[in-house]
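# Geometric and topological summary
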Amino acid sequence: MDHKAGYVNIVGKPNVGKSTLMNDLVGEKISIITSKAQTTRHRILGIVNGDDFQIVFSDTPGIIKKPAYKMHEIMNQFINVAFIDADLILYVVDITDKKIDEETIERVKKTNIPVFVLLNKIDLSNQDEVTKAVEFWQNALPESTVFPVSALHQANIKFVFESIIEKLPKCPPYFPKDELTDRSMRFFITEIIREKILLNYQQEIPYCVEVSVDAYEESKNLINIKATIYVTRDSQKAILIGKGGSAIKKVGIQSRADIEEFVGKKVFLDLNVKVDKDWRDNEDELRHFGYEA
C-alpha cells in the first residue's frame, strides 16, 4: 500500500478563522480561538494520521504588514517558512472582508505549490455573495481550487479534508503515528492561559501579555503548575490582577478547568504577574518564550 504524507500550511490575514479551521481539520483544539485578531503567535503543527496517510497541518500567525516589535518580525518569518516547506497551502479568506490582500495574492501566485482557497464564514453570507466570491477567487488565483466553508459550523470541512488527502505526495510519515503535535504540554498550558486573558480583557492588555510555565510537577492524582504572566507596564499588571485579585482569580479558574480537561487530571494552578517592559523586543526573552525563526 502506498503511503501519503505532507505538510499542509494554513495562511491568511489575522482574524479570518484559521485557528478554527486548524482545529476542525485536526479534530482537536490545537490553536487558540477568539474573536480578537493576531491570537496565533507561533507556528503550531497538528498531525492527523490514517492507515495510509499523514497530514501535518501548520497554523501560522496572521501576516503583519507593519511589524512594531521584534516579536512581529519573527512571527512573519514563521509565515515565510510556511510558504517554503509546504506540499499544499490552504489560503483562508473571510468572505465578509471586502479588503483584498493583494500582496499575499501575488505571493501565492508565485509559488509552485498547490493552493486551496478556503472562503470562510459563508454562514454570514448568502448564496449570491458566495457565488460571486468563488468566481472572484477563481479569476484571482486561476491555478487554485476554491472551497466555500464555514469553520464555525464545519460546513464543507469533510470535503476539504478528503481533497487534501488526494493532493498529498507519496511519502513515509514524518512523525510517529501516535503523535498529535510537535508542541510540548507546557506550550499548550501557556496557550490556554493566554486564551483566557484574550477573552477576559480589553484594549491593549491581551497584546502585551506573554505566559511562561515555570514549574510542572506531576504526581499520580495531581499536577502542580506554576506560571508567570508577563506584561509591559505596572498599570497593566494592576488591571490584570484586578481589585482584590478578582480578575486574575477568574483567569485562573477558567484556565484550570481547560487544563484539567486537556491533561485528564486534577490541576493546582499558581499564577503570578510580572512586569517586563521590553520582552517583545528582547531577543533573549523572545527565545525564552519560544520565538525562534
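Residues numbered from 1 in each chain as written. Predicted model: local features only at pLDDT ≥ 70, side-chain atom pairs only at ≥ 80, totals over all residues. Heavy atoms only, no water.

### Some points on helix α5 (residues 157-167)
Considered for burial, the residues of α5 that qualify are Ile157, Val160, Phe161, Ser163 and Ile164. In an axial view of α5, the angular spread of the buried residues amounts to 165°, which keeps them on one side of the axis. Among the exposed residues of α5, those pointing more than 90 degrees away from its buried face are Lys158 and Glu166. (Buried < 20%, exposed > 50% of the residue type's maximum accessible area, 1.4 Å probe, protein only. Helix = DSSP H or I, 4+ residues; strand = E, 2+ residues; numbered from the N terminus. Arc of directions from axis to C-beta.)

### Quick word on the sheet that holds strand β7 (residues 210-218)
Each strand in a sheet pairs with another by means of backbone hydrogen bonds, the pair being arranged parallel or else antiparallel. Spatially, the 3 strands line up as an open sheet ordered β7-β8-β9, and their pairing is mixed. Two strands bound the open sheet, and with one partner strand each, they are β7 and β9 (266-275). Each adjacent strand pair in this sheet contributes to an overall mean axis angle of 20°, direction not counted. As defined by bridge partners, β7 adjoins strand β8 (residues 222-231) across 8 bridges and the pair is classed as antiparallel. Residue pairing for β8: Glu210 is matched across the bridge by Tyr230. Packing against the sheet, helix α6 (residues 185-200) makes contact with β7, β8 and β9, and its axis sits at approximately 130° to β7. With respect to the sheet, helix α8 (residues 246-263) is in contact with β7, β8 and β9, its orientation differing from that of β9 by roughly 135°. (Pairing = 2+ DSSP bridges. Axes fitted to C-alpha atoms, helices over the stretch in contact; angles between N-to-C directions. Contact = heavy atoms within 4.5 Å.)

### Comments concerning the packing of aromatic side chains
Applying the stated rule across the entire model yields 10 aromatic pairs. On the basis of an interplanar angle of 75° and a centroid distance of 6.1 Å, the ring pair of Phe53 and Phe161 is categorised as edge-to-face. Remark: Phe161 occurs in helix α5 and Phe53 occurs in strand β3 (residues 53-59); sequence separation between them is 108 residues. By the burial criterion, Phe53 is buried, and Phe161 matches it. For the pair Phe136 and Trp137, a centre-to-centre distance of 5.3 Å together with 90° between the ring planes defines the contact as edge-to-face. (Phe/Tyr/Trp six-rings, centres within 6.5 Å; stacked < 30°, edge-to-face > 60°.)

The quantities given are spatial measurements derived from coordinates; they are silent on function.
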